[in-house]
Amino acid sequence: MRRNTKGENNWNFPFLNSSTVSKDALLGESFADIPPQFQNIEIKNGSVSYQNELINAAYKITDINGKITSGAITGPFEFNGTAKKENMPLSINLFVGNLSGASQTDFRLSL
């Protein structure tokens, strides 16, 4: 993920905003009434890079291992796992509330 000196991001997640994309567009008409859900997604040896050119900062989290749980495609989501930042071990608990687009989303992170 990157933010350039103009403040522009190189990421966009329009499918998370229910006001811009319908269930039909995500799932097809035959599945429009069935809410998608998953119970566990496991991440093994993942990594995330973030660069912010506005403040000349770059971050990389490596060795991400853990599970994401959710009741629906729009959340809420919870991640519990471990990672490393510059070889410093981290224990991570991340919670992201419903991504319905109708109201603000809860976001909690503890390391």
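Residues numbered from 1 in each chain as written. Predicted model: local features only at pLDDT ≥ 70, side-chain atom pairs only at ≥ 80, totals over all residues. Heavy atoms only, no water.

## Quick notes on the pairing of strand 4 (residues 77-85)
1) Next: Direction of pairing for strand 3 (residues 57-70) relative to strand 4: antiparallel, over a ladder of seven bridges. Bridge pairing in strand 4 links Asn 65 to Thr 82.
2) Next: The antiparallel pairing of strand 3 with strand 4 creates a hairpin that spans six residues between the two strands, and Gly 75 there sits at a positive phi of about 95 degrees.
3) Next: Both strand 4 and strand 5 (residues 88-96) contribute to a ladder of nine bridges, which runs antiparallel. Directly across from Ala 83, in strand 5, lies its bridge partner Leu 90.
4) Next: Between the antiparallel neighbours strand 4 and strand 5 lie two residues, among them Glu 86 with a positive phi of about 50 degrees. (Pairing = 2+ DSSP bridges. Helix = DSSP H or I, 4+ residues; strand = E, 2+ residues; numbered from the N terminus.)

## A short note on the nonpolar core
1) Next: Core analysis: the largest hydrophobic core is formed by five residues, namely Ile 64, Phe 79, Ala 83, Leu 90 and Ile 92.
2) Next: Secondary structure elements with two or more residues in this core: strand 4 and strand 5.
3) Next: Residues in contact with Ala 83, not counting those within four places in the same chain, are Ile 61, Thr 62, Asp 63, Ile 64, Met 88, Pro 89, Leu 90 and Ile 92. (Core = buried A, V, L, I, M, F, W, Y, C linked by side-chain atoms within 4.5 Å. Buried < 20%, exposed > 50% of the residue type's maximum accessible area, 1.4 Å probe, protein only. Contact = heavy atoms within 4.5 Å.)

## Regarding the packing of aromatic side chains
1) Next: Applying the stated rule across the entire model yields one aromatic pair.
2) Next: Taking the centre distance of 6.3 Å and the plane angle of 15 degrees together, the rings of Tyr 50 and Tyr 59 count as stacked.
3) Next: With relative accessibility at 40%, the residue Tyr 59 sits in the partly exposed group. (Phe/Tyr/Trp six-rings, centres within 6.5 Å; stacked < 30°, edge-to-face > 60°.)

## Examining the sheet that holds strand 4
1) Next: The strand order across the open sheet built from six strands is 1-2-3-4-5-6, with neighbouring strands paired in mixed fashion. At either margin of the open sheet sits one strand with a lone partner, and together these are strand 1 (2-3) and strand 6 (107-110).
2) Next: One ladder, built from two bridges, connects strand 1 with strand 2 (residues 41-52); its direction is parallel. Directly across from Arg 3, in strand 2, lies its bridge partner Asn 52.

## Thoughts on unusual backbone geometry
1) Next: For Asn 45, which is not glycine, the phi torsion reads 55 degrees and is therefore positive.
2) Next: Among the structural elements, Asn 45 can be located in strand 2.
3) Next: Despite not being glycine, Glu 86 has its phi angle at roughly 50 degrees, a positive value.
4) Next: Mapped onto the secondary structure, Glu 86 falls in the loop between strand 4 and strand 5.

Worth remembering: the numbers are spatial, not functional.
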